[in-house]
Amino acid sequence: MTVRRRLIPILVSLAGACLIGLLVYGISTQAASRTLDEQVARGEQPPAPDATRALPVLGGTGTGSLAALKGKVVILNFWASWCAPCQEEAPLLEGAQKTLLQHGGSVLGVTYKDITSDSERFMREFHLTYPNLRDGGGSFASSYGTDQLPESFIINRRGNIVEISRGEIAAPFVQRAIALAEST
Amino acid sequence: MRGRPARLLRAFLACVVLAAATAGASQAASVSLPTIERQVMCVTCKIPLNVAQSPQANREREYIRTLIAEGHDESEIKDALVVQYSSAVLGLPQTHGFDLAAYLVPVVVVVGLIALLAFLLPSWRRRSTASPAEPSRPISSEESARLESDLARFD
(Lines give C-alpha, C1' and ligand atoms only; values in the text may rest on other atoms or scores of the structure.)
Protein backbone atom coordinates (compact mmCIF):
# COMPACT_ATOMS: atom_id res chain seq x y z
CA MET A 1 0.00 0.00 0.00
CA THR A 2 2.82 2.42 0.95
CA VAL A 3 4.78 1.49 -2.19
CA ARG A 4 1.67 2.12 -4.30
CA ARG A 5 1.10 5.47 -2.60
CA ARG A 6 4.68 6.52 -3.41
CA LEU A 7 4.70 5.08 -6.91
CA ILE A 8 1.75 7.06 -8.22
CA PRO A 9 3.16 10.59 -7.57
CA ILE A 10 6.48 9.44 -9.06
CA LEU A 11 4.77 8.14 -12.20
CA VAL A 12 2.64 11.28 -12.54
CA SER A 13 5.72 13.50 -12.09
CA LEU A 14 7.62 11.46 -14.69
CA ALA A 15 4.74 11.78 -17.17
CA GLY A 16 4.64 15.55 -16.54
CA ALA A 17 8.40 15.83 -17.04
CA CYS A 18 8.12 13.87 -20.30
CA LEU A 19 5.42 16.24 -21.58
CA ILE A 20 7.50 19.31 -20.67
CA GLY A 21 10.54 17.72 -22.35
CA LEU A 22 8.51 17.08 -25.49
CA LEU A 23 7.32 20.69 -25.50
CA VAL A 24 10.86 22.04 -25.10
CA TYR A 25 12.14 19.74 -27.88
CA GLY A 26 9.28 20.83 -30.14
CA ILE A 27 10.01 24.51 -29.60
CA SER A 28 13.76 24.06 -30.12
CA THR A 29 13.27 22.21 -33.43
CA GLN A 30 10.96 24.95 -34.74
CA ALA A 31 13.84 27.41 -34.89
CA ALA A 32 15.60 27.77 -38.24
CA SER A 33 18.82 25.76 -38.49
CA ARG A 34 22.08 27.69 -38.61
CA THR A 35 24.27 24.66 -39.26
CA LEU A 36 25.25 25.90 -42.74
CA ASP A 37 26.28 29.31 -41.36
CA GLU A 38 28.44 27.67 -38.70
CA GLN A 39 30.13 25.42 -41.27
CA VAL A 40 30.83 28.33 -43.65
CA ALA A 41 32.12 30.44 -40.73
CA ARG A 42 34.61 27.63 -39.93
CA GLY A 43 35.86 27.82 -43.52
CA GLU A 44 34.11 24.66 -44.62
CA GLN A 45 32.17 24.38 -47.86
CA PRO A 46 29.09 22.27 -47.11
CA PRO A 47 27.23 20.74 -50.03
CA ALA A 48 24.08 22.64 -50.99
CA PRO A 49 21.19 20.75 -49.37
CA ASP A 50 18.31 19.26 -51.34
CA ALA A 51 20.01 20.14 -54.64
CA THR A 52 18.15 17.44 -56.56
CA ARG A 53 14.70 18.41 -55.29
CA ALA A 54 12.44 19.18 -58.25
CA LEU A 55 10.44 22.37 -57.85
CA PRO A 56 7.88 23.86 -60.26
CA VAL A 57 9.32 26.40 -62.68
CA LEU A 58 7.87 29.85 -62.06
CA GLY A 59 6.32 31.39 -65.15
CA GLY A 60 6.77 28.19 -67.13
CA THR A 61 5.99 24.51 -67.16
CA GLY A 62 7.69 21.49 -65.66
CA THR A 63 10.16 21.40 -62.85
CA GLY A 64 13.71 22.44 -62.22
CA SER A 65 16.33 21.94 -59.54
CA LEU A 66 19.56 23.38 -58.26
CA ALA A 67 21.33 20.21 -59.42
CA ALA A 68 20.48 21.15 -63.01
CA LEU A 69 22.96 24.05 -62.64
CA LYS A 70 25.80 21.89 -61.29
CA GLY A 71 29.11 22.92 -62.83
CA LYS A 72 28.11 26.59 -62.68
CA VAL A 73 28.67 29.22 -60.01
CA VAL A 74 25.20 29.95 -58.68
CA ILE A 75 23.73 32.73 -56.61
CA LEU A 76 20.77 31.00 -54.99
CA ASN A 77 18.32 33.69 -53.92
CA PHE A 78 15.17 33.14 -51.84
CA TRP A 79 12.58 35.85 -52.38
CA ALA A 80 8.89 36.74 -52.31
CA SER A 81 6.87 39.50 -53.91
CA TRP A 82 5.63 40.73 -50.52
CA CYS A 83 9.21 41.26 -49.28
CA ALA A 84 10.33 44.88 -49.68
CA PRO A 85 14.14 44.21 -49.55
CA CYS A 86 13.64 41.60 -52.29
CA GLN A 87 12.33 44.37 -54.53
CA GLU A 88 15.41 46.45 -53.69
CA GLU A 89 17.90 43.74 -54.62
CA ALA A 90 16.11 42.41 -57.73
CA PRO A 91 17.83 44.83 -60.17
CA LEU A 92 21.23 43.95 -58.65
CA LEU A 93 20.57 40.23 -59.16
CA GLU A 94 19.39 40.78 -62.73
CA GLY A 95 22.62 42.70 -63.40
CA ALA A 96 24.62 39.85 -61.85
CA GLN A 97 22.84 37.34 -64.09
CA LYS A 98 24.05 39.13 -67.23
CA THR A 99 27.68 39.01 -66.05
CA LEU A 100 27.51 35.49 -64.61
CA LEU A 101 26.14 34.10 -67.87
CA GLN A 102 29.37 35.16 -69.59
CA HIS A 103 31.46 33.23 -67.05
CA GLY A 104 29.50 30.00 -66.67
CA GLY A 105 27.34 31.08 -63.81
CA SER A 106 23.72 31.87 -63.04
CA VAL A 107 21.37 33.34 -60.52
CA LEU A 108 18.66 30.94 -59.37
CA GLY A 109 15.64 32.51 -57.71
CA VAL A 110 13.38 30.48 -55.45
CA THR A 111 10.12 31.99 -54.24
CA TYR A 112 9.27 31.50 -50.60
CA LYS A 113 5.64 31.20 -49.48
CA ASP A 114 4.40 33.47 -52.21
CA ILE A 115 1.30 33.38 -54.40
CA THR A 116 2.24 32.27 -57.92
CA SER A 117 0.48 35.14 -59.70
CA ASP A 118 2.20 37.66 -57.40
CA SER A 119 5.62 36.10 -58.08
CA GLU A 120 5.00 36.15 -61.81
CA ARG A 121 3.98 39.81 -61.65
CA PHE A 122 7.19 40.52 -59.70
CA MET A 123 9.26 38.80 -62.42
CA ARG A 124 7.62 40.91 -65.12
CA GLU A 125 7.93 44.13 -63.12
CA PHE A 126 11.66 43.68 -62.54
CA HIS A 127 12.32 42.09 -65.96
CA LEU A 128 13.95 39.04 -64.38
CA THR A 129 15.56 36.75 -66.94
CA TYR A 130 17.22 34.29 -64.60
CA PRO A 131 15.46 31.00 -63.79
CA ASN A 132 13.06 30.98 -60.90
CA LEU A 133 11.50 28.05 -59.07
CA ARG A 134 8.49 27.97 -56.76
CA ASP A 135 8.83 26.67 -53.21
CA GLY A 136 5.29 27.31 -52.01
CA GLY A 137 5.47 25.21 -48.87
CA GLY A 138 8.93 26.48 -47.99
CA SER A 139 10.43 23.04 -47.35
CA PHE A 140 13.34 23.59 -49.77
CA ALA A 141 14.04 26.96 -48.15
CA SER A 142 13.81 25.33 -44.74
CA SER A 143 16.70 22.98 -45.60
CA TYR A 144 18.83 26.14 -46.01
CA GLY A 145 17.63 27.51 -42.65
CA THR A 146 15.74 30.23 -44.46
CA ASP A 147 13.06 31.93 -42.40
CA GLN A 148 13.56 35.59 -43.26
CA LEU A 149 13.76 37.17 -46.66
CA PRO A 150 15.75 37.79 -48.71
CA GLU A 151 18.48 35.20 -48.22
CA SER A 152 21.21 34.36 -50.74
CA PHE A 153 23.87 31.67 -51.07
CA ILE A 154 26.92 31.54 -53.35
CA ILE A 155 27.40 27.98 -54.58
CA ASN A 156 30.60 26.94 -56.35
CA ARG A 157 30.92 24.72 -59.41
CA ARG A 158 31.12 21.58 -57.28
CA GLY A 159 27.76 22.40 -55.68
CA ASN A 160 29.18 23.57 -52.34
CA ILE A 161 28.11 26.66 -50.41
CA VAL A 162 30.92 29.20 -50.06
CA GLU A 163 29.08 32.26 -48.76
CA ILE A 164 25.75 33.05 -47.11
CA SER A 165 23.86 36.34 -46.84
CA ARG A 166 20.83 36.40 -44.57
CA GLY A 167 19.33 39.72 -45.52
CA GLU A 168 19.47 42.05 -48.48
CA ILE A 169 22.62 41.63 -50.56
CA ALA A 170 24.89 44.45 -51.63
CA ALA A 171 27.21 44.84 -54.63
CA PRO A 172 30.28 43.23 -52.92
CA PHE A 173 28.37 39.93 -52.45
CA VAL A 174 27.58 39.81 -56.16
CA GLN A 175 31.15 40.79 -57.05
CA ARG A 176 32.52 37.88 -55.02
CA ALA A 177 30.23 35.48 -56.92
CA ILE A 178 31.37 36.93 -60.24
CA ALA A 179 35.03 36.73 -59.15
CA LEU A 180 34.53 33.07 -58.25
CA ALA A 181 32.98 32.40 -61.66
CA GLU A 182 35.84 34.19 -63.39
CA SER A 183 38.55 32.41 -61.43
CA THR A 184 37.30 28.84 -61.59
CA MET B 1 -56.19 6.01 -48.06
CA ARG B 2 -53.53 4.88 -50.48
CA GLY B 3 -52.86 8.37 -51.80
CA ARG B 4 -52.41 9.99 -48.39
CA PRO B 5 -49.13 8.30 -47.37
CA ALA B 6 -47.72 9.04 -50.82
CA ARG B 7 -48.66 12.73 -50.46
CA LEU B 8 -47.11 12.83 -46.99
CA LEU B 9 -43.94 11.19 -48.30
CA ARG B 10 -43.73 13.71 -51.16
CA ALA B 11 -44.24 16.60 -48.73
CA PHE B 12 -41.55 15.21 -46.42
CA LEU B 13 -39.07 14.80 -49.27
CA ALA B 14 -39.82 18.33 -50.46
CA CYS B 15 -39.12 19.63 -46.95
CA VAL B 16 -35.82 17.72 -46.80
CA VAL B 17 -34.71 19.05 -50.21
CA LEU B 18 -35.74 22.60 -49.24
CA ALA B 19 -33.90 22.38 -45.91
CA ALA B 20 -30.75 21.08 -47.62
CA ALA B 21 -30.91 23.83 -50.25
CA THR B 22 -31.40 26.50 -47.58
CA ALA B 23 -28.50 25.15 -45.53
CA GLY B 24 -26.25 25.08 -48.61
CA ALA B 25 -27.22 28.60 -49.60
CA SER B 26 -26.65 29.97 -46.10
CA GLN B 27 -23.25 28.23 -45.96
CA ALA B 28 -22.21 29.73 -49.30
CA ALA B 29 -23.48 33.14 -48.25
CA SER B 30 -21.58 32.98 -44.93
CA VAL B 31 -18.13 32.72 -46.60
CA SER B 32 -16.35 35.83 -45.45
CA LEU B 33 -12.78 36.88 -44.77
CA PRO B 34 -13.09 36.53 -40.96
CA THR B 35 -14.55 33.01 -41.37
CA ILE B 36 -11.58 31.86 -43.44
CA GLU B 37 -9.03 33.87 -41.45
CA ARG B 38 -9.92 31.95 -38.29
CA GLN B 39 -9.25 28.63 -39.98
CA VAL B 40 -5.94 29.24 -41.72
CA MET B 41 -2.44 30.25 -40.71
CA CYS B 42 -0.12 33.05 -41.66
CA VAL B 43 2.57 30.78 -43.11
CA THR B 44 5.53 33.00 -42.30
CA CYS B 45 4.42 34.11 -38.80
CA LYS B 46 3.06 30.62 -37.92
CA ILE B 47 0.06 32.09 -36.08
CA PRO B 48 -3.61 32.17 -37.10
CA LEU B 49 -4.18 34.61 -39.93
CA ASN B 50 -6.86 36.55 -38.03
CA VAL B 51 -4.26 37.77 -35.54
CA ALA B 52 -1.30 38.05 -37.92
CA GLN B 53 0.13 41.36 -39.06
CA SER B 54 2.85 41.01 -41.69
CA PRO B 55 3.29 41.74 -45.39
CA GLN B 56 2.80 38.04 -46.20
CA ALA B 57 -0.35 37.88 -44.05
CA ASN B 58 -1.74 40.93 -45.84
CA ARG B 59 -1.10 39.29 -49.22
CA GLU B 60 -2.76 36.10 -48.01
CA ARG B 61 -5.84 38.12 -46.92
CA GLU B 62 -5.92 39.90 -50.25
CA TYR B 63 -5.80 36.56 -52.05
CA ILE B 64 -8.71 35.23 -49.94
CA ARG B 65 -10.72 38.40 -50.71
CA THR B 66 -10.11 37.82 -54.43
CA LEU B 67 -11.26 34.20 -54.17
CA ILE B 68 -14.40 35.23 -52.22
CA ALA B 69 -15.17 37.88 -54.84
CA GLU B 70 -14.83 35.22 -57.54
CA GLY B 71 -17.55 33.25 -55.76
CA HIS B 72 -15.51 30.32 -54.42
CA ASP B 73 -16.85 28.46 -51.42
CA GLU B 74 -14.97 27.75 -48.20
CA SER B 75 -13.48 24.41 -49.23
CA GLU B 76 -12.41 25.74 -52.64
CA ILE B 77 -10.68 28.68 -50.96
CA LYS B 78 -8.85 26.36 -48.57
CA ASP B 79 -7.83 24.12 -51.48
CA ALA B 80 -6.48 27.14 -53.37
CA LEU B 81 -4.50 28.21 -50.30
CA VAL B 82 -3.03 24.71 -49.96
CA VAL B 83 -1.94 24.84 -53.62
CA GLN B 84 -0.12 28.12 -52.96
CA TYR B 85 1.29 27.52 -49.49
CA SER B 86 1.08 23.70 -48.97
CA SER B 87 -0.98 22.06 -46.23
CA ALA B 88 0.96 24.07 -43.61
CA VAL B 89 -1.55 26.88 -44.24
CA LEU B 90 -4.29 24.80 -42.59
CA GLY B 91 -2.32 24.68 -39.35
CA LEU B 92 -2.88 20.95 -38.91
CA PRO B 93 0.02 18.89 -37.55
CA GLN B 94 1.60 16.54 -40.08
CA THR B 95 1.30 12.80 -39.71
CA HIS B 96 5.04 12.20 -39.56
CA GLY B 97 8.06 13.41 -37.63
CA PHE B 98 7.67 15.41 -34.45
CA ASP B 99 4.16 16.59 -35.44
CA LEU B 100 2.94 13.04 -34.93
CA ALA B 101 3.21 13.76 -31.19
CA ALA B 102 0.19 16.08 -31.51
CA TYR B 103 -1.93 13.04 -32.34
CA LEU B 104 -0.20 10.48 -30.11
CA VAL B 105 0.18 12.45 -26.87
CA PRO B 106 -3.58 12.90 -26.21
CA VAL B 107 -4.12 9.15 -26.81
CA VAL B 108 -1.25 8.26 -24.47
CA VAL B 109 -2.56 10.68 -21.81
CA VAL B 110 -6.09 9.24 -21.99
CA VAL B 111 -4.78 5.65 -21.83
CA GLY B 112 -2.54 6.63 -18.91
CA LEU B 113 -5.45 8.19 -17.03
CA ILE B 114 -7.63 5.13 -17.62
CA ALA B 115 -4.79 2.88 -16.38
CA LEU B 116 -4.35 5.12 -13.33
CA LEU B 117 -8.05 4.98 -12.55
CA ALA B 118 -8.12 1.19 -13.04
CA PHE B 119 -5.20 1.01 -10.61
CA LEU B 120 -6.67 3.34 -7.99
CA LEU B 121 -10.39 2.60 -8.08
CA PRO B 122 -10.22 -0.88 -6.47
CA SER B 123 -8.18 0.43 -3.54
CA TRP B 124 -10.55 3.42 -3.08
CA ARG B 125 -13.50 1.03 -3.13
CA ARG B 126 -11.80 -1.28 -0.60
CA ARG B 127 -11.05 1.68 1.65
CA SER B 128 -14.65 2.91 1.56
CA THR B 129 -16.03 -0.56 2.44
CA ALA B 130 -13.36 -1.38 5.03
CA SER B 131 -13.88 1.73 7.14
CA PRO B 132 -17.57 2.52 7.46
CA ALA B 133 -18.51 5.89 8.88
CA GLU B 134 -18.37 6.07 12.67
CA PRO B 135 -21.83 5.94 14.30
CA SER B 136 -22.78 9.23 15.82
CA ARG B 137 -22.20 9.44 19.56
CA PRO B 138 -25.27 10.25 21.69
CA ILE B 139 -24.91 13.64 23.30
CA SER B 140 -24.65 13.92 27.03
CA SER B 141 -27.27 15.65 29.21
CA GLU B 142 -24.81 18.48 29.86
CA GLU B 143 -24.31 19.08 26.14
CA SER B 144 -28.05 18.85 25.58
CA ALA B 145 -28.68 21.49 28.21
CA ARG B 146 -26.09 23.80 26.67
CA LEU B 147 -27.63 23.34 23.24
CA GLU B 148 -31.07 24.14 24.62
CA SER B 149 -29.81 27.32 26.27
CA ASP B 150 -28.03 28.41 23.09
CA LEU B 151 -31.17 27.88 21.03
CA ALA B 152 -33.23 29.76 23.58
CA ARG B 153 -30.91 32.73 23.25
CA PHE B 154 -31.58 32.91 19.52
CA ASP B 155 -35.38 32.83 19.96
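First things first, this report covers the structure right here in the doc. Since this is a predicted model, take the numbers as computed values, not measurements. (Residues numbered from 1 in each chain as written. Chains lettered and ligands numbered in written order. Predicted model: local features only at pLDDT ≥ 70, side-chain atom pairs only at ≥ 80, totals over all residues. Heavy atoms only, no water.)

1. With respect to the nonpolar core
With 46 residues, the main nonpolar core has Leu76, Phe78, Tyr144, Phe153 and Ile161 of chain A as its most contacted residues. Looking at this core element by element, the count peaks at six residues for strand E3 (residues 73-79) of chain A. Sequence-distant contacts of Leu76 of chain A, that is, excluding residues within four places in its chain, are made with Leu108, Val110, Phe140, Tyr144, Glu151, Ser152, Phe153 and Ile155 of chain A. Of all hydrophobic cores here, the second largest spans 18 residues; its members include Ile115 of chain A together with Ile36, Cys42 and Ala80 of chain B. (Core = buried A, V, L, I, M, F, W, Y, C linked by side-chain atoms within 4.5 Å. Buried < 20%, exposed > 50% of the residue type's maximum accessible area, 1.4 Å probe, protein only. Helix = DSSP H or I, 4+ residues; strand = E, 2+ residues; numbered from the N terminus. Contact = heavy atoms within 4.5 Å.)

2. Here we look at unusual backbone geometry
All names here are of chain A. In this structure, the amide linkage connecting Leu149 to the following residue, Pro150, adopts the cis form with an omega of -10°. By the secondary structure assignment, Pro150 is in the loop between helix H5 (139-142) and strand E6 (151-155). Unusually for a residue other than glycine, Lys113 sits at a positive phi of about 45°. Relative to the helices and strands, Lys113 resides in the loop between strand E4 (105-112) and helix H4 (116-125). Look at Lys113 and you get buried, because its relative accessible area is 8%. Even without being glycine, His127 reaches a positive phi, approximately 50°. By secondary structure assignment, the location of His127 is in the loop between H4 and strand E5 (132-135).

3. Description of the state of the cysteines
Covalently bonding the sulfur atom of one cysteine to the sulfur atom of another cysteine gives a disulfide. The full count for this structure, using the stated rule, is two disulfides over all chains. Linked covalently through their sulfurs, Cys83 of chain A and Cys86 of chain A form a disulfide whose S-S length is 2.2 Å. For the disulfide bridge between Cys83 of chain A and Cys86 of chain A, the dihedral angle about the S-S bond is near 90°, and by the sign convention the bridge is right-handed. Accessibility classification places Cys83 of chain A together with Cys86 of chain A in one group, the buried group. Residue Cys42 of chain B pairs covalently with Cys45 of chain B via a disulfide, S to S 2.1 Å. Here the S-S torsion is close to 65°, and the disulfide linking Cys42 of chain B with Cys45 of chain B is therefore right-handed. The exposure class assigned to Cys42 of chain B is buried, which follows from its relative accessible area of 0%. The exposure class assigned to Cys45 of chain B is partly exposed, which follows from its relative accessible area of 29%. (Disulfide = S-S within 2.5 Å.)

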